[in-house]
Amino acid sequence: MKKTLIINGHPDKESFSFGISEAYKKGARKSGVEIKEINIRELNFNPNLQFGYRKRTELEPDLLDAQSKLEWADHLVWVYPVWWSSVPAIMKGFLDRVLLPGFAFSKREKSLLCSPRLNGKTARIICTMDQPTWYYKLIYRGPSHNAMKRGTLKFIGVKKVKITAIGPIRLSKEDFRLKWLKKIEKLGQMNK
């Protein structure tokens, strides 16, 4: 049975991102996938990596649990809004504090290169934005897509990463959102 972890990075529980997470989960359950979730907004942790990698800050219990879930999963589903061409601050803090050397990657001795430690997983990024997705890709070149796909997930060993970008959300009508929730449910059912 495939093990899927849904990570929601939106700080507002009433956001469309939470509807997306629920739609994906509903579809995945139909196909018999084992599911765990992380709603970053509900975690109790300091998002500031205050000493960088120079000095280790003790991980809070919620972050230790998050690391355990990340190790457990075969497939990671990241759901978040694109804000200022990036991820929300709380999600960035989560990434900084959880994806640490020794857990997500290892530094190679006498080398600038690192070795990934979360190999063999796949991922789906589902992000929302307030502009047309084609505009974000063409004009801005998808900086949050690149940061999450290449700079984060591929760096830690996740080789197959697919992106579903939804926009524009601002000023969108209910039928637009319902159409997307149905598409996301189908993605969950296919566990892609």
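What comes next concerns the included structure. Because the structure is predicted, anything quoted here is derived from the model rather than measured.

The next point concerns the packing of helix α2 (residues 61-72) against helix α3 (residues 89-98). Helix-helix packing: each pair is described by the crossing angle between the helix axes and the interaxial distance. Where α2 contacts α3, the two axes come as close as 10 Å, and the packing angle between them is 80°. Classified by the angle their axes make, α2 and α3 are roughly perpendicular. Of α3, the residues touching α2 (which contributes Leu63, Ala66, Gln67 and Leu70) are Phe94, Arg97 and Val98. In terms of residue class, the contact of α2 with α3 is made up of five nonpolar, one polar and one charged.

Of all hydrophobic cores here, the largest spans 37 residues; its most connected members are Trp78 and Phe94. Of all the secondary structure elements, the ones that give two or more residues to this core are β1 (3-8), α2, β3 (75-81), α3, β6 (122-128), α5 (143-154) and β7 (160-166). Setting aside chain neighbours within four positions, we find Trp78 in contact with Ile7, Leu70, Met91, Phe94, Leu95, Arg124, Ile125, Ile126, Met148 and Leu153. Ranked by size, the runner-up nonpolar core spans 16 residues in total, among them Ile6, Tyr24, Val77 and Leu187.

Judged by side-chain polarity, Trp134, Tyr135, Leu138, Ile139 and Tyr140 come together as a nonpolar surface patch covering roughly 550 Å² of accessible area. Along the chain, Tyr135 turns up in helix α4 (residues 133-139).

What follows concerns α2. For α2, spanning twelve residues, the distance from its first C-alpha to its last is 17 Å, which sits close to the expected 16 Å at 1.5 Å a residue. Every buried residue belonging to α2 is among Leu63, Ala66, Gln67, Lys69, Leu70 and Trp72, and all of these are buried. Considering only its buried residues, α2 is in contact with β1, β2 (34-39), β3 and α3.

Our focus in this paragraph is α3. Residues spaced three or four apart along an α-helix face the same direction, because each turn holds 3.6 residues. Restricting attention to buried positions, one finds in α3 the residues Met91, Gly93, Phe94, Leu95, Arg97 and Val98. Those residues of α3 hidden inside the fold are in contact with β1, β2, α2, β3 and α5.

On to the sheet that holds β6. An order of β2-β1-β3-β6-β7 is seen for the five strands of this open sheet, with the pairing classed as parallel. With one partner strand each, in any of the chains shown, β2 and β7 form the two edges of the open sheet. Each strand axis lies, on average, 15° off the axis of its neighbour in the sheet, ignoring direction. In this structure, β1 lies alongside β3, joined through five bridges in parallel fashion. Bridge pairing links Asn8 to Val79 in β3. In this fold α5 packs onto β3, β6 and β7, with an angle of close to 160° to the strand it touches most, β7.

What counts and how
Residues numbered from 1 in each chain as written. Predicted model: local features only at pLDDT ≥ 70, side-chain atom pairs only at ≥ 80, totals over all residues. Heavy atoms only, no water. Axes fitted to C-alpha atoms, helices over the stretch in contact; angles between N-to-C directions. Helix = DSSP H or I, 4+ residues; strand = E, 2+ residues; numbered from the N terminus. Parallel < 35°, antiparallel > 145°, perpendicular 65-115°, else oblique. Contact = heavy atoms within 4.5 Å. Nonpolar A, V, L, I, M, F, W, Y, C, P; charged D, E, K, R; others polar. Core = buried A, V, L, I, M, F, W, Y, C linked by side-chain atoms within 4.5 Å. Buried < 20%, exposed > 50% of the residue type's maximum accessible area, 1.4 Å probe, protein only. Patch = residues over 30% accessible without salt bridge, like charges linked within 9 Å, V, L, I, M, F, W, Y side chains within 5 Å. Areas by Shrake-Rupley, 256 points an atom, 1.4 Å probe, with all protein chains shown as cover. Salt bridge = Lys/Arg side-chain N within 4 Å of Asp/Glu carboxyl O. Expected span 1.5 Å × (residues − 1). Pairing = 2+ DSSP bridges.

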